[in-house]
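So the chains spell out like this:
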Amino acid sequence: MYTITLIRGDGIGPEIAESVIEIFAAAEAPVQWEEAYAGRACLERFGTPIPEATLESIRRNRVALKGPTTTPIGGGHRSINVAIRKAFELFANVRPARSIPGVQTRYNDIDLILVRENIEDTYAGVEYWQTPDVAESLRLISRPGSSAVIRYAFDLARRLGRRKVTCVHKANIQKLSDGLFLECFCAIAQDYPDIMSDDILVDNACMQLVMRPERFDVMVLPNLFGDIVSDLCAGLIGGLGVAPGGNIGNGYAVFEAVHGSAPDIAGKGIANPTAFILSAVQMLHHLGLHADAERIENALRYTLVSGIKTRDLGGNANTREFTKAIISNLPPRSQVQAQNEPVGEPYRTPMLPPRSTENEGWQTVGMDIFFHALQPPTNLPERVGSLRLQVISNRGVALEANSSDERYLLNWFRARYVAEQPVSEAELAELMNTLAPRLHWTTLQRLYRTREGIDLFSPILAE
Ligand code: NAI
């Protein structure tokens, strides 16, 4: 018997949670619920949208099923989902997209699993105003973070008997960040010779998903691309109302539907519990309870095929009627082919130890200085010690000295100073002492080169 933390959430959350509780009880799934609270009601009762007792319950049980919670827009309490994701470092967001018979869509044979990195990328939330005209968002892609989610995608593929994992990226443009994601993918793929692997650019992936979705099996993506492409995949199977999801971390997992709290229909008893039931089914697979998962999913599918649907899918059943129909359609255990696995250890992936620039032989060869100015500067020194002004750029493109070009210049520039040989900290300090009185700098970026002479920064584009 597994003890699972259950957060009913708000809006339609309590209605769809009741549906899952009833179906699990009728199916005699070996799960007992430990109720915990989060959301608006919590804020009123405990003064916090996510009480410590709820985090403690997830810590104890390691697996949670969470209903949707309302996030106030433009102020109010912070997103509960983000708080949980961060507290338990849920690095992988797993969204299966499988066609549901009886749900009208353009395709009837979709069967893919999208694994999205869940913590890094632009979602690390490192953003700055650089000038009144320029906001900057840092796109953080790390070796440990990418490796964790990619390894999880391969482990998942192996566990579920899937044939292929595809890395979706934009390494032709984001050569360093997406390049790192792809590099981690290619290295980890070597450890899984039983599973095919390939990669595709994210723009092409979107087109292929619409034209030839059968080309894909398991997909793994950095966070922002994953966010967008997973909704595309949800669209292939009938929209957010039927799209389940799970968030996986080292030893922890939280499952929830993709949709929100649907305040417009809350309390009316007409919410569609399909996505939440499928999230609970995904949770059963995660626990190794494949037989129980298959039994409940088959009952759900049979119910939809037989035409019993909620209003959002074109039917006229309410939540209770739909739930009762699923219960009456539960197949006998003898008809289920999948086997439950014995209770196992919670999923863990080795986290890579941090490496140092020194041990890796990285040498400092220069500095990029980003600065605010209304005109291109004319007073920057050509040389400071061994550091030479290589280029001034605007919007990533070099300014030519005597260019008659009339392109629009932003009020945010970059000066790149580079040396032939590695420079000392004292030389960098001297550069800053020389430049600081002459320009209004906003950001400093150290430039590294490997011992083998490979620059670890992107070149500046020529005009
Ligand atoms: P939403 O997904 O709650 O609703 C969008 C539309 O889909 C509405 O018309 C709604 O009635 C319908 N809908 C959604 N789920 C349905 C279901 N199970 N059955 C029938 N119809 C369904 O998205 P919205 O309106 O943008 O967000 C509402 C609130 O939910 C916001 O506060 C948002 O922050 C929060 N939210 C919470 C999430 C979570 O806790 N995981 C995820 C997404 C949004």
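Here is what the cut-offs are and how they apply
Residues numbered from 1 in each chain as written. Predicted model: local features only at pLDDT ≥ 70, side-chain atom pairs only at ≥ 80, totals over all residues. Heavy atoms only, no water. Core = buried A, V, L, I, M, F, W, Y, C linked by side-chain atoms within 4.5 Å. Buried < 20%, exposed > 50% of the residue type's maximum accessible area, 1.4 Å probe, protein only. Domains from an automatic or database assignment. Contact = heavy atoms within 4.5 Å. Helix = DSSP H or I, 4+ residues; strand = E, 2+ residues; numbered from the N terminus. Polar contact = N/O pair within 3.5 Å; in protein donor to acceptor, adjacent residues only side chain to side chain. Pairing = 2+ DSSP bridges. Axes fitted to C-alpha atoms, helices over the stretch in contact; angles between N-to-C directions. Near = heavy atom within 4 Å. Areas by Shrake-Rupley, 256 points an atom, 1.4 Å probe, with all protein chains shown as cover. Nonpolar A, V, L, I, M, F, W, Y, C, P; charged D, E, K, R; others polar. Phe/Tyr/Trp six-rings, centres within 6.5 Å; stacked < 30°, edge-to-face > 60°. Lys NZ or Arg CZ within 6 Å of the ring centre and 35° of its normal. Salt bridge = Lys/Arg side-chain N within 4 Å of Asp/Glu carboxyl O. Expected span 1.5 Å × (residues − 1). Patch = residues over 30% accessible without salt bridge, like charges linked within 9 Å, V, L, I, M, F, W, Y side chains within 5 Å. Right-handed = clockwise from strand over helix to strand, strands pointing away.

Peer 1: Can you help me understand the nonpolar core in this one?
Peer 2: Soluble globular proteins: nonpolar side chains tend toward being buried together. In this structure, Val115 and Val220 are the most contacted members of the largest nonpolar core, which totals 89 residues. Split by domain, the residues of this core number at least three in each of domain 1 (1-91 + 238-342) and domain 2 (106-236). The contacts of Val220, once residues within four sequence positions are left out, are Val115, Val149, Ile150, Ala153, Val165, Thr166, Cys167, Val168, Phe181 and Phe185. Ile369, Phe371, Leu389 and Phe413 belong to the second largest nonpolar core, which has 19 residues in total.

Peer 1: Can you help me understand the side chain of Thr131 in this one?
Peer 2: Inspection of the secondary structure assignment puts Thr131 in strand β6 (residues 127-131). Looking at Thr131, its side chain comes within polar contact range of the side chain of Asn411, at 2.7 Å. Excluding its chain neighbours within four sequence positions, the residues that come into contact with Thr131 are His372, Asn411 and Trp412.

Peer 1: Is there a simple way to think about the sheet that holds strand β4 (residues 92-98) in this case?
Peer 2: Backbone hydrogen bonds are what pair the strands of a sheet, in a parallel or an antiparallel way. If you walk across this open sheet you meet the ten strands as β2-β1-β3-β12-β11-β4-β5-β10-β8-β9, and the pairing is mixed. Two strands bound the open sheet, and with one partner strand each, they are β2 (31-36) and β9 (196-201). Strand-to-strand twist in this sheet, taken as the mean axis angle between neighbours without regard to direction, amounts to 25 degrees. Where strand β8 (residues 164-169) meets strand β10 (residues 218-221), three bridges bridge the pair, whose relative direction is parallel. Bridge pairing in β10 links Cys167 to Val220. Lying over the sheet, helix α9 (residues 274-286) contacts β1 (2-7), β2, β3 (63-66), β4, β11 (246-248) and β12 (253-255), oriented at roughly 175 degrees with respect to β3.

Peer 1: How do you make sense of the site of the ligand when you look at a structure like this?
Peer 2: In the vicinity of the ligand lie 19 residues, with Thr69, Gly260, Ala262, Asp264 and Asn272 positioned nearest. Measuring from an oxygen atom of the ligand, one finds a backbone N or O atom of Thr69 at 2.9 Å. In the model, an oxygen atom of the ligand is placed 3.0 Å from a nitrogen or oxygen of the Ser261 main chain. Its free accessible area being 810 Å², the ligand has 66% of it covered by the protein chains. Taken together, the residues that form the shell around the ligand break down as seven nonpolar, eight polar and four charged.

Peer 1: I keep staring at the packing of aromatic side chains and nothing clicks. Help me out?
Peer 2: Scanning the entire structure with this criterion turns up eight aromatic pairs. Both rings, one in Phe88 and one in Tyr252, keep their centres 4.9 Å apart while their planes meet at 50 degrees; by these two values the pair is tilted. Of this pair, Phe88 sits in the loop between α4 (80-87) and β4 while Tyr252 sits in the loop between β11 and β12, and the two are 164 residues apart along the sequence. For Tyr252, a relative accessible area of 16% puts it in the buried group. Cluster of aromatic residues (ring-pair linked, three or more members): Phe154, Phe185 and Tyr192. Here the guanidinium or amino end of Arg139 rests over the ring plane of Phe225, the centre of that ring lying 5.1 Å away. Positioned above the aromatic ring of Phe216 is the side chain of Arg215, whose terminal nitrogen or guanidinium carbon lies 4.7 Å from the ring centre.

Peer 1: So what exactly am I meant to see when it comes to the pattern of salt bridges here?
Peer 2: If charged atoms from side chains of opposite charge come close, those side chains can pair. All chains considered together, the criterion is met by 28 salt bridges. The salt bridge partner of Arg215 is Asp198, with a shortest N-O separation of 3.1 Å. Of this pair, Arg215 sits in the loop between α7 (202-211) and β10 while Asp198 sits in strand β9, and the two are 17 residues apart along the sequence. Because the salt bridges share partners, they merge into one network encompassing Asp111, Arg162, Arg163 and Asp217.

Peer 1: Honestly, helix α1 (residues 13-27) in this entry has me stumped. Any pointers?
Peer 2: Every α-helix winds through 3.6 residues per turn, so residues three or four apart in the chain are directed the same way. With 15 residues, α1 extends 21 Å between its outermost C-alpha atoms, agreeing within 8% with the 21 Å of an ideal straight helix rising 1.5 Å per residue. Buried residues of α1: Gly13, Glu15, Ile16, Ala17, Ser19, Val20, Ile21, Ile23, Phe24 and Ala27, and no others. If you follow the buried residues of α1, they end up packed against β1, β2, β3, α9, α10 (290-305) and α11 (319-328).

Peer 1: Help me understand a nonpolar patch on the surface in this model?
Peer 2: A cluster of nonpolar side chains, contributed by Met207, Val210 and Met211, occupies part of the molecular surface with about 310 Å² of accessible area. Relative to the elements of secondary structure, Met207 occurs in helix α7.

Peer 1: It is not clear to me how the pairing of β8 should be interpreted in this structure. Could you clarify?
Peer 2: Within a regular beta strand, the side chains point alternately toward one face of the sheet and then the other, so they alternate between its two faces. For β8, a buried count of six out of six residues is recorded, marking the element as mostly surrounded by other parts of the structure. Across six bridges, β8 lies against β9 in parallel orientation. Each residue of the ladder has a partner; that of Cys167, found in β9, is Asp199. Once you follow β8 into helix α6 (residues 177-189) and on to β9, the crossover reads as right-handed.

Remember, this is a structural readout, not a statement about activity or role.
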